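# Examining the three-dimensional arrangement
This is what each chain is made of:
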Amino acid sequence: MKKLVTVTMLLFAALTIQAQSLIGRWKYPVEVDGEKVSLIMTFNADKTASYELQTTNVSEELGVLTFSFVVKGTYVVDGKDLTLYLNNKDCDIDFVEIQWSEALKASFKDDPEREGAIINNMRGAMENGKSKFLSSVDEVNEFNIDKITYTTLELSDDDMAVTLTRIK
């Protein structure tokens, strides 16, 4: 019986620690220039982090395209204080998901190089938006960790409070 109680207590302790862990990917929906996008913050065990702005564009001609701008950095947690240090001089452009329209997929059969050309054109267009995004990213970001559970992360600073949701 003692063994069962001990195992149960250890399991409960492990779940409590995991529930309060900052490590993971956290999402916050936001509107930028009238467009719905997602802010995604990732915190890794090695104290590296990323700050990502992800958007999905739907077009009858192209299909569904999800891409993101990703800025990398590091973070420090001191009690309930979270400081995020970001390399706001550069970011990666990532195609998260591409679901081509049926018509476009059919055209790739006739011209296999067309898909690569379209992706390169889109990447070039996104390069133009890269500097605008980077201008909105501060190098040092300080937050208060107001609450953290397995599913939600509540952060605040002097100007606002946000609730992020853990994503897998």
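Structure report, in brief. Nothing here was measured: the structure is a model prediction, and the numbers come from that model.

### Focus: the side chain of E52
When you line up the elements, E52 lands in strand β3 (residues 48–59). Side chain to side chain, E52 and S68 meet in a polar contact 3.0 Å long. Setting aside chain neighbours within four positions, we find E52 in contact with R25, S38, L39, I40, S68, F69, V70 and V96.

### Quick look at the packing of aromatic side chains
Where two aromatic rings form a pair, the distance of their centres and the angle of their planes describe that pair. Within the structure shown, the criterion is met by five aromatic pairs. Between F69 and F133, the ring centres sit 5.5 Å apart and the planes meet at 20 degrees, which makes this aromatic pair stacked. Of the two residues, F69 sits in strand β4 (residues 63–78) while F133 sits in helix α3 (residues 114–135), which places them 64 residues apart along the sequence. Of the residues examined, F69 reaches a relative accessible area of 10% and is grouped as buried. Taking the relative accessible area as the measure of exposure, F133 reaches 6% and is therefore buried.

### A short note on a negative patch on the surface
A surface patch of like charges, here negative, comprises D78, D81, E142, D158 and D159. Along the chain, D81 falls in strand β5 (residues 81–86). For D81, a relative accessible area of 40% corresponds to the partly exposed category.

### Observations regarding the side chain of N141
Residue position: N141 is located in strand β7 (residues 140–148). Once residues within four sequence positions are removed from consideration, N141 is found in contact with L82, T83, L84 and L86.

### Things to note about the pattern of salt bridges
Any two side chains of opposite charge can pair, so long as their charged atoms come close to each other. For the coordinates displayed, the defined rule picks out five salt bridges. Of the charged contacts, one joins D90 and K130 as a salt bridge, the two residues approaching to 3.0 Å between their closest N and O atoms. One end of the pair, D90, is in the loop between β5 and β6 (92–100); the other, K130, is in helix α3, with 40 residues separating them in the sequence. Under the relative-accessibility criterion, D90 is labelled partly exposed at 39%. The salt bridge involving E127 is made with K130; its shortest N-O contact spans 3.7 Å. Taken together, the positions of E127 and K130, both in helix α3 and three residues apart, correspond to about one turn of that helix. Look at E127 and you get partly exposed, because its relative accessible area is 38%.

### As for unusual backbone geometry
A positive phi angle is found at K47, which is not glycine, with a value near 75 degrees. With respect to the element layout, K47 can be found in the loop between β2 (35–43) and β3. On the accessibility criterion, K47 (41% relative accessible area) is partly exposed.

### Considering the environment of I145
Residue position: I145 is located in strand β7. Accessibility expressed as a relative area gives 9% for I145, which makes it buried. C-alpha separation for the pair I145 and L82, spaced 63 residues apart in sequence, amounts to 6.6 Å. Apart from residues lying up to four places away in sequence, I145 is in contact with V77, K80, L82, L153, E154 and L155.

### Considering helix α2 (residues 102–110)
Taken residue by residue, α2 has L104, S107 and F108 as its buried positions. Buried residues in α2, looked at end-on, bunch into an arc of 110 degrees, giving them a common side. Along α2, exposed side chains directed more than 90 degrees from the buried face belong to E102, A103, K109 and D110.

What counts and what doesn't
Residues numbered from 1 in each chain as written. Predicted model: local features only at pLDDT ≥ 70, side-chain atom pairs only at ≥ 80, totals over all residues. Heavy atoms only, no water. Helix = DSSP H or I, 4+ residues; strand = E, 2+ residues; numbered from the N terminus. Polar contact = N/O pair within 3.5 Å; in protein donor to acceptor, adjacent residues only side chain to side chain. Contact = heavy atoms within 4.5 Å. Phe/Tyr/Trp six-rings, centres within 6.5 Å; stacked < 30°, edge-to-face > 60°. Buried < 20%, exposed > 50% of the residue type's maximum accessible area, 1.4 Å probe, protein only. Patch = residues over 30% accessible without salt bridge, like charges linked within 9 Å, V, L, I, M, F, W, Y side chains within 5 Å. Areas by Shrake-Rupley, 256 points an atom, 1.4 Å probe, with all protein chains shown as cover. Salt bridge = Lys/Arg side-chain N within 4 Å of Asp/Glu carboxyl O. Lys, Arg positive; Asp, Glu negative; His and termini not counted. Charge placed at Lys NZ, Arg CZ, Asp CG, Glu CD. Arc of directions from axis to C-beta.

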